[in-house]
Amino acid sequence: MYLLEVLSGPLDGKTWTFEREITIGRDDTVAEACIGLDRYVSRQHARLHIDDGSIQLIDLQSRNGTKLNGQPVVGNVALPVGAPFVVGRTILRVTRT
């Protein structure tokens with residue numbers, strides 16, 4: 001089980017748990033992790049997918065992009081546990097529960 005946590009942004013401290021996959025976005029009808037208060041987050045912004053125990057971060061062609069280590073995420077990018085990443089103006093991280 002994994003925990004997606006907002007480190008900084010309009011929902012500071014908010015968390016979501018997930019096992020295999022979670023979509024991050026502004027629209028709660030398509031995103032399990034809804035960040036509706038950040039206007040720079042797209043309707044469907046990014047997805048986290050667990051593949052053989054590693055976390056994959058995928059940008060879903062969002063308008064403002066997803067960043068890891070200050071670099072735009074292109075395709076599937078390995079996300080280390082605990083590493084912060086940015087969607088819109090919100091900083092998030094994934095940890096194990």
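Scroll up for the structure.
Figured I'd write up the structure that's included with this text.

What counts, and where the lines are drawn
Residues numbered from 1 in each chain as written. Predicted model: local features only at pLDDT ≥ 70, side-chain atom pairs only at ≥ 80, totals over all residues. Heavy atoms only, no water. Buried < 20%, exposed > 50% of the residue type's maximum accessible area, 1.4 Å probe, protein only. Helix = DSSP H or I, 4+ residues; strand = E, 2+ residues; numbered from the N terminus. Pairing = 2+ DSSP bridges. Contact = heavy atoms within 4.5 Å. Phe/Tyr/Trp six-rings, centres within 6.5 Å; stacked < 30°, edge-to-face > 60°. Lys NZ or Arg CZ within 6 Å of the ring centre and 35° of its normal.

Not every positive phi belongs to a glycine, and aspartate 52 is a case in point at roughly 50°. On the basis of relative accessibility, which here comes to 82%, the residue aspartate 52 falls in the exposed class. The backbone of glutamine 61 sits at a positive phi, close to 55°, despite the residue not being glycine. Note on placement: glutamine 61 falls in the loop between strand S6 (54-59) and strand S7 (66-68). Residue classification places glutamine 61 among the exposed residues on the basis of a relative accessible area of 79%.

Glancing now at the sheet that holds strand S4 (residues 33-34). In space, the 5 strands of this open sheet follow the order S4-S3-S5-S6-S9, with mixed pairing throughout. Edge positions in the open sheet fall to S4 and strand S9 (76-79), since each of these has one partner strand only. The pairing of strand S5 (residues 46-51) with S6 spans 6 bridges and is antiparallel. Among the inter-strand pairings, arginine 47 is bridged to a residue of S6, identified as isoleucine 58.

What follows deals with the side chain of glutamate 5. Following the sequence through the fold, glutamate 5 ends up in strand S1 (residues 2-8). Given the relative accessible area of 19%, glutamate 5 is considered buried. What glutamate 5 contacts, discounting residues up to four positions off in sequence, is Lys14, Thr15, Ile91, Leu92 and Arg93.

The geometry of an aromatic ring pair is captured by the separation of the ring centres together with the interplanar angle, meaning the angle of the planes. Taken as a whole and judged by the stated rule, the model has 1 aromatic pair. Lying across the ring of tyrosine 40, arginine 89 places its NZ or CZ 3.9 Å from the centre.

A few words now on the sheet that holds strand S10 (residues 85-87). Spatial ordering of the open sheet is given by S2-S1-S11-S10-S7-S8, a layout of 6 strands whose pairing is antiparallel. Since the sheet does not close on itself, it has two edges, and those belong to strand S2 (15-18) and strand S8 (71-72), each with one partner.

So, on to the environment of leucine 60. Examined against the element boundaries, leucine 60 turns out to sit in the loop between S6 and S7. It is 9.2 Å that separates the C-alpha atoms of leucine 60 and threonine 23, two residues lying 37 residues apart in sequence. Setting aside chain neighbours within four positions, we find leucine 60 in contact with Thr23, Gln44, His45, Ala46 and Arg47.

Our next topic: the pairing of S2. Side chains Trp16 and Phe18 project from S2 onto a buried face, and the interleaved Thr15 and Thr17 project onto a face without burial. Looking at chain direction, S1 and S2 are connected through 4 bridges and run antiparallel. Bridge pairing in S2 places leucine 4 opposite tryptophan 16.

These figures come from the coordinates and say nothing about function on their own.
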